[in-house]
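Observations on the model geometry
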Amino acid sequence: MSTFSAFLLTREEGQEQQLTWTEVDEADLMDGDVTVAVSHTTINYKDALALTGSSPVVRRWPMIPGIDFAGTVVASEHDGVAVGDEVVLNGWGVGETHWGGYAQLARVPGEWLVPLPSAFSPAQAMAIGTAGYTAMLCVLALERQGVTPSDSPVLVTGAAGGVGSIAVALLAKAGFEVIASTGRPEEAEYLRRLGAGEIIDRAELSGPARPLAKERWGAAVDCVGSHTLANALAGTRYGGTVAACGLAQGMDLPSSVAPFILRGVTLAGVDSVMAPREVRLEAWDRLATDLDPDLLATVTSTRPLADAPAIAGELLAGSVRGRVVFTVDR
Ligand code: NDP
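Residues numbered from 1 in each chain as written. Predicted model: local features only at pLDDT ≥ 70, side-chain atom pairs only at ≥ 80, totals over all residues. Heavy atoms only, no water.

1. Remarks on the pattern of salt bridges
- For the structure on display, the rule yields nine salt bridges.
- Note that arginine 59 and glutamate 96 form a salt bridge whose closest N and O atoms lie 2.6 Å from each other. Note that arginine 59 is positioned in the loop between α1 (45-52) and β4 (68-76) and glutamate 96 in the loop between β5 (86-90) and β6 (105-108), a separation of 37 residues in sequence.
- Given the relative accessible area of 53%, arginine 59 is considered exposed. (Salt bridge = Lys/Arg side-chain N within 4 Å of Asp/Glu carboxyl O. Helix = DSSP H or I, 4+ residues; strand = E, 2+ residues; numbered from the N terminus. Buried < 20%, exposed > 50% of the residue type's maximum accessible area, 1.4 Å probe, protein only.)

2. Brief notes about the packing of helix α2 (residues 122-144) against helix α8 (residues 277-290)
- Two elements in contact, α2 and α8, have axes whose closest approach is 9 Å; the angle formed by their N-to-C orientations is 100°. By the angle between their directions, the pair α2 and α8 is classed as roughly perpendicular. Only Val279, Arg280, Glu282, Ala283, Trp284, Arg286, Leu287 and Asp290 of α8 make contact with α2, whose side of the interface consists of Ala125, Ile128, Gly129, Gly132, Tyr133, Met136, Leu137, Leu140, Glu143 and Arg144.
- Looking at the contact of α2 with α8 residue by residue, the classes come out as ten nonpolar, two polar and six charged. (Axes fitted to C-alpha atoms, helices over the stretch in contact; angles between N-to-C directions. Parallel < 35°, antiparallel > 145°, perpendicular 65-115°, else oblique. Contact = heavy atoms within 4.5 Å. Nonpolar A, V, L, I, M, F, W, Y, C, P; charged D, E, K, R; others polar.)

3. A short note on α8
- Here α8 contains 14 residues, and its C-alpha end-to-end distance of 20 Å stays within 8% of the 20 Å for a straight helix at 1.5 Å per residue.
- In the core, the buried residues of α8 are packed alongside β5, β7 (114-115), α2 and α3 (162-173). (Expected span 1.5 Å × (residues − 1).)

4. Some remarks on the domain arrangement of the protein chain
- The domains assigned to the protein chain are domain 1 (3-116 + 299-327) and domain 2 (130-269).
- For domain 1 and domain 2, the distance between their C-alpha centroids amounts to 29 Å.
- In this complex, domain 1 contributes 13 residues to the contact, which on the side of domain 2 involves 15 residues.
- In this assembly, domain 1 packs against domain 2 so that about 990 Å² is buried in total across both faces, 53% of it on carbon and sulfur atoms. (Domains from an automatic or database assignment. Buried area = accessible area lost by both parts, 1.4 Å probe.)

5. A short note on the environment of glutamate 23
- Along the chain, glutamate 23 turns up in strand β2 (residues 18-25).
- A residue is classified by how much of its surface remains accessible, and glutamate 23, at 47% relative accessible area, is partly exposed.
- When the C-alpha positions of glutamate 23 and threonine 3 are compared, they lie 6.0 Å apart, and in sequence the two are 20 residues distant.
- Those residues in contact with glutamate 23, other than ones at most four positions away along the chain, are Thr3, Phe4 and Ser5.
- Side-chain polar atoms of glutamate 23 contact the side chain of threonine 3, separated by 2.6 Å. (Polar contact = N/O pair within 3.5 Å; in protein donor to acceptor, adjacent residues only side chain to side chain.)

6. Quick word on the site of the ligand
- Around the ligand, the structure places 24 residues, and the nearest of them are Val163, Thr182, Gly183, Arg184 and Ser272.
- Cysteine 245 places a polar main-chain atom, nitrogen or oxygen, 2.9 Å from a nitrogen atom of the ligand.
- Take valine 270: an N or O atom from its main chain is 2.9 Å from a nitrogen atom of the ligand.
- Considered on its own, the ligand offers 910 Å² of accessible surface; in the complex 87% of this is hidden by protein.
- Within the residue set of the shell around the ligand, elements represented by two or more residues are α2 and α3.
- By residue class, the composition of the shell around the ligand is eleven nonpolar, ten polar and three charged. (Near = heavy atom within 4 Å. Areas by Shrake-Rupley, 256 points an atom, 1.4 Å probe, with all protein chains shown as cover.)

Spelled out as structure tokens, the structure:
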């Protein structure tokens, strides 16, 4: 029987979860018509929550974590996906309810996979990962509401994190003036290199919001939720849009209807996990043209997958800058 190596999360009734690097039988892989030899994966906020058990991300046990992977198809019974194809997976409950990317092998339904864009290597696709693909979904959500560079500036919260860093880069490349909100003043130079024109201290936005505040930005990408999202809404100019994708400060939204009914502000929700295939393909197409690979390299560090548990703690402590790619050795 063939086996492969993987990180496996297990939990016994009434006990804390355990994370081990172990051998798994290939026959135990979950349902799917495509098997992928994973070459690279990454870490997102949700992966860090799953690895540390600090939030109930994992909903089936045992679980191989990792919500993203890139690799090469080694077996396929799916029309349009052939052995040798290079593919990318983001979300769909992988790493939560379906075995994920922190492994040498992954098996998923073929419709969950997108072809690796020719502009990117597997490592670059994982430097983007769910974080970058979500940043692109946020930019697309603003565009769908008619937001253009003439609506500048655009606020990005959680700017030095994964989604935030790539959102800053994408918006700046598209010609927007970007206000980056961060709790890490030491990352100001990094954020300016990505294209931020102004850096603000996240403390300005993290306390309770008034229903309406001075109109400071025409749109926002919010990775933080809670009071920060409430302040982002309150400071949005008449007719503007806020794309909400994250909850790093909290899942609550202590706001009022004032921005919506007095300023016509739109709150656009962004979900990457169950986004339909055509939306994913659009986002990856746009990333291929809009994301400067040299800039991507400056937000990325590369580590072996064995480092994932340690990086998870750093990410939740807010000390990881940008994106981390993990290489998966065979
Ligand atoms: P990161 O941990 O890389 O970035 C989060 C950033 O949020 C931190 O770097 C920090 O930015 C800021 N932050 C952290 N804690 C707080 C706090 N208490 N108050 C205010 N700001 C805080 O995570 P990701 O970029 O991967 O994800 C960002 C958010 O988006 C997460 O909540 C994640 O769950 C969500 N997400 C949602 C997706 C979707 O489909 N909707 C997909 C991907 C992510 P700084 O240091 O600059 O202040």
